[in-house]
Amino acid sequence: MAKVENLFETVKNNLDLIAPLLSTEYSDKKRFNNIIRRFKKPQDVLKKKLVVKLANGKKKTFQSFRIQHNDARGPFVGGTRYTPNLNEEELKGFAVLESIKTSAFDIPFGGGYGGVVIDRNKIPKRDLERITKLYSQFLAPHIGMWKDIISTNVGTNEETMAWMLESYEKKRKFHSPATFSGKPLVLGGSLGAIEAVGVGAFYILQEYLKHSNLVSRFRKLEIAISGFGKNGYSFAKIAANQGFKIVAVTDSSGGVVKSDGLEVEELKTNKNKFGSLKEVSLMVGMEAIDDRDLLKLPVDIIVIASGGNQITKEIAENIEAKLVLEISDFGLTRETEELLKNKNIEVLPDVLMNTGGLISTHLEWVQNIHGYRWGREDFNSKLRSALIRGFNEIRNVVLEKKISYRQASYYLGLKRIVEAMTLRGRV
């Protein structure tokens, strides 16, 4: 894995590259620069040490955070991470990125992010519930459906959101399902939400390919996927069903490769049965491959769905794919993206490829406020329409300004936020 960057600095550096290009549209340069300086700083940083009495009778302390970055365009929104190496700078980076994503796709939210420093695999379920409910109580005065909407991310899931919802509503003494996203269906969750990131990434790929010379009527496009969790699997499933050939997949343990194409559903079943793709390769007798070699395969498309900074400089120099999809946030460093650009390898960045999750949050929020639920088909239709509209607006900026998709996403996102902050008179 490549050296891990400071995610907050990475996002601010991306803003610094785009701000001079955007500033040409504003006559009041002093005001514009003040807005950019203010935008780089979160509006609020909430943090608290949660002291929890565990089931074994011992007390233990867990550091928790919530970053509320910018709400000029609407309530804060963003994920909740439960990871052992979580830190404030990382969460600030994610929060700014959420602000850019929501604005670039014209979702009426601002960015936020939070979490607890914890290894959930080492915590009994009963204790995890206690920690989660205490975290929700801490956040209760600072969140709400018109203030800050909490969603899932690494280490959290439907169950986590159910615990948070119960604790929040008990504290506030009223029902508020729209304050949380990614909930179980029975508590106001959405049909299609679990698959929204992977399915949404595929919708964007489809739209991109309409304007690309990659498509051939003589053969199926070949895809290799780094990461076979929720997002990687959802993407693989819909891509295979739509006629793409999934030739290799890895998870944290290793992976499998098959030149004439993998059966995605069979692979998922076997992974659930044996626990990991490495065990699948051993138990089923499939050809094994590690992540490093997967990324170097001579396929058409590489998908990064396994975490940040997956591609090292050495790997980037040896990538043969024509297109890289960054479904994971911060899947590439600036250095590796520049290397890929020099090799004429297109990158569709995180700010494009995983925004299906934020659109899903917006759709769940709307349903909860109005007290109804769309069917899966309606949900996916609305998801697809929002993503395609947003992608084509960003693509127009790519063509007009002759910049990358990442730069165009930041350009459009930042432009809308600058306009909102200006109209509100915040600077």
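Just above sits the structure.
These remarks concern the structure in this document. Not measured: the values here are computed from a predicted model.

1. Re the overall build of the chain
- Counting its secondary structure elements, the chain contains 16 helices and twelve strands.
- Taking 427 residues into account, the globule formula puts the C-alpha radius of gyration at 22 Å, and the chain, at 21 Å, falls close to it.
- Projecting the C-alpha coordinates of the chain onto the three principal axes gives extents of approximately 65 × 60 × 40 Å.
- Per-residue burial over the chain gives 57% buried out of 427 residues.
- For the chain, long-range pairs separated by at least 24 residues make up 69% of all intrachain contacts whose partners lie at least 6 apart in sequence.
- With an accessible surface of roughly 18,600 Å², the chain has 48% of that area assigned to carbon and sulfur atoms.
- Seen as two clouds, the 65 positive and the 50 negative side-chain charges of the chain have centres 6 Å apart.

2. Quick word on helix α14 (residues 356–370)
- Over its 15 residues, α14 extends 21 Å from the first C-alpha to the last, a length consistent with the 21 Å expected when each residue adds 1.5 Å.
- By the criterion of burial, α14 is predominantly enclosed, with twelve of the 15 residues buried.
- Three or more residues of α14 are buried, namely Gly356, Leu358, Ile359, Ser360, Thr361, His362, Leu363, Glu364, Trp365, Val366, Gln367 and Asn368.
- Where the residues of α14 are buried, they touch β3 (76–83), α3 (88–104), β5 (148–152), α6 (196–209) and α15 (376–401).

3. A look at the packing of helix α1 (residues 7–23) against helix α2 (residues 29–39)
- Between α1 and α2, the shortest axis-to-axis distance is 11 Å and the interhelical angle comes to 155°. Classified by the angle their axes make, α1 and α2 are roughly antiparallel. At the point where α1 passes α2, the crossing takes the right-handed sense. For the pair α1 and α2, contact is made by Leu15, Ala19, Leu22 and Ser23 and by Lys29, Phe32, Ile36 and Phe39, respectively.

4. Quick notes on a nonpolar patch on the surface
- Where nonpolar side chains cluster on the molecular surface, the patch consists of Leu282, Met283 and Val284 and spans about 300 Å² of accessible area.
- Position of Leu282 relative to the elements: it lies in helix α9 (residues 277–284).
- Under the relative-accessibility criterion, Leu282 is labelled exposed at 57%.

5. Some words on the nonpolar core
- Residues Phe105, Leu205, Ile223, Phe235, Val303, Leu325 and Leu414 are the most contacted members of the largest nonpolar core, which totals 95 residues.
- Aside from chain neighbours lying at most four places away, what touches Leu205 is Phe235, Phe244, Ile301, Leu323 and Leu325.
- Counting residues in each nonpolar core, the second largest holds 23 residues, with Tyr82, Ile118, Ile150 and Leu165 among its members.

6. Regarding the environment of Lys170
- Along the chain, the position of Lys170 falls in helix α5 (residues 158–172).
- The spacing of Lys170 and Phe76 is 94 residues in sequence and 22 Å in space, taken between C-alpha atoms.

7. Notes on the sheet that holds strand β2 (residues 59–70)
- Read across the open sheet, the five strands follow the order β1-β2-β4-β3-β5; overall the sheet is mixed. Unpaired on one side and paired on the other, β1 (44–53) and β5 mark the two borders of the sheet. If you compare each strand with its neighbour and ignore which way they point, the axes differ by 20° on average.
- Summarising the sheet, β3 and strand β4 (residues 110–117) pair through six bridges and their orientation is parallel. Bridge pairing in β4 links Phe76 to Gly110.
- Across the sheet, α5 lies against β3 and β5, angled at about 145° from β5, the strand it touches most.

8. Structural notes on the packing of aromatic side chains
- For the coordinates displayed, the defined rule picks out 13 aromatic pairs.
- Ring geometry for Phe228 and Tyr233: centres 5.9 Å apart, planes at 90°, overall edge-to-face. Here Phe228 matches Tyr233 in class, with each residue buried.
- Pairing Phe391 with Tyr405 gives two aromatic rings, centres 5.6 Å apart and planes at 10°, and the pair type is stacked. Taken together, the residues Phe391 in helix α15 and Tyr405 in helix α16 (residues 405–424) connect sequence positions 14 residues apart.
- Accessibility expressed as a relative area gives 0% for Phe391, which makes it buried.
- An aromatic cluster is defined as three or more aromatic residues linked by ring pairs; in this entry it consists of Phe94, Tyr113 and Phe330.
- Here Lys12 stacks its cationic end above the ring of Phe8, 4.2 Å away from the centre of that ring.
- Cation over ring: Lys382 sits above Trp374, and NZ or CZ is 4.6 Å from the ring centre.

9. What about the layout of surface pockets?
- Size it by volume and the second largest pocket reaches roughly 670 Å³.
- Taken together, 30 residues make up the lining of the second largest pocket; nearest its centre are Glu337, Glu338, Ser404, Arg406 and Gln407.
- Listed by contribution, the elements that provide at least two residues to the lining of the second largest pocket are α1, α12 (334–342), β12 (346–348) and α16.
- The element contributing the most residues to the lining of the second largest pocket is α1, with six residues.
- Here the lining of the second largest pocket is built from residues that sort into eleven nonpolar, eight polar and eleven charged.

10. Looking at the pairing of β4
- When you tally the buried positions in β4, you get seven out of eight residues, the bulk of the element.
- One ladder, built from six bridges, connects β2 with β4; its direction is antiparallel. Residue pairing for β4: Phe65 is matched across the bridge by Gly115.

Definitions and cut-offs
Residues numbered from 1 in each chain as written. Predicted model: local features only at pLDDT ≥ 70, side-chain atom pairs only at ≥ 80, totals over all residues. Heavy atoms only, no water. Helix = DSSP H or I, 4+ residues; strand = E, 2+ residues; numbered from the N terminus. Rg over C-alpha atoms; globule rule 2.2 N^0.38 Å. Buried < 20%, exposed > 50% of the residue type's maximum accessible area, 1.4 Å probe, protein only. Contact = heavy atoms within 4.5 Å. Areas by Shrake-Rupley, 256 points an atom, 1.4 Å probe, with all protein chains shown as cover. Lys, Arg positive; Asp, Glu negative; His and termini not counted. Charge placed at Lys NZ, Arg CZ, Asp CG, Glu CD. Expected span 1.5 Å × (residues − 1). Axes fitted to C-alpha atoms, helices over the stretch in contact; angles between N-to-C directions. Parallel < 35°, antiparallel > 145°, perpendicular 65-115°, else oblique. Left-handed = near helix turned anticlockwise from the far one by under 90°. Patch = residues over 30% accessible without salt bridge, like charges linked within 9 Å, V, L, I, M, F, W, Y side chains within 5 Å. Salt bridge = Lys/Arg side-chain N within 4 Å of Asp/Glu carboxyl O. Core = buried A, V, L, I, M, F, W, Y, C linked by side-chain atoms within 4.5 Å. Pairing = 2+ DSSP bridges. Phe/Tyr/Trp six-rings, centres within 6.5 Å; stacked < 30°, edge-to-face > 60°. Lys NZ or Arg CZ within 6 Å of the ring centre and 35° of its normal. 1 Å grid on protein atoms, 1.4 Å probe; cavity = no way out; pocket = protein on both sides within 12 Å on 5 of 7 lines; lining within 4 Å. Points joined across faces, edges and corners; volume = space filled by probe spheres on them. Nonpolar A, V, L, I, M, F, W, Y, C, P; charged D, E, K, R; others polar.

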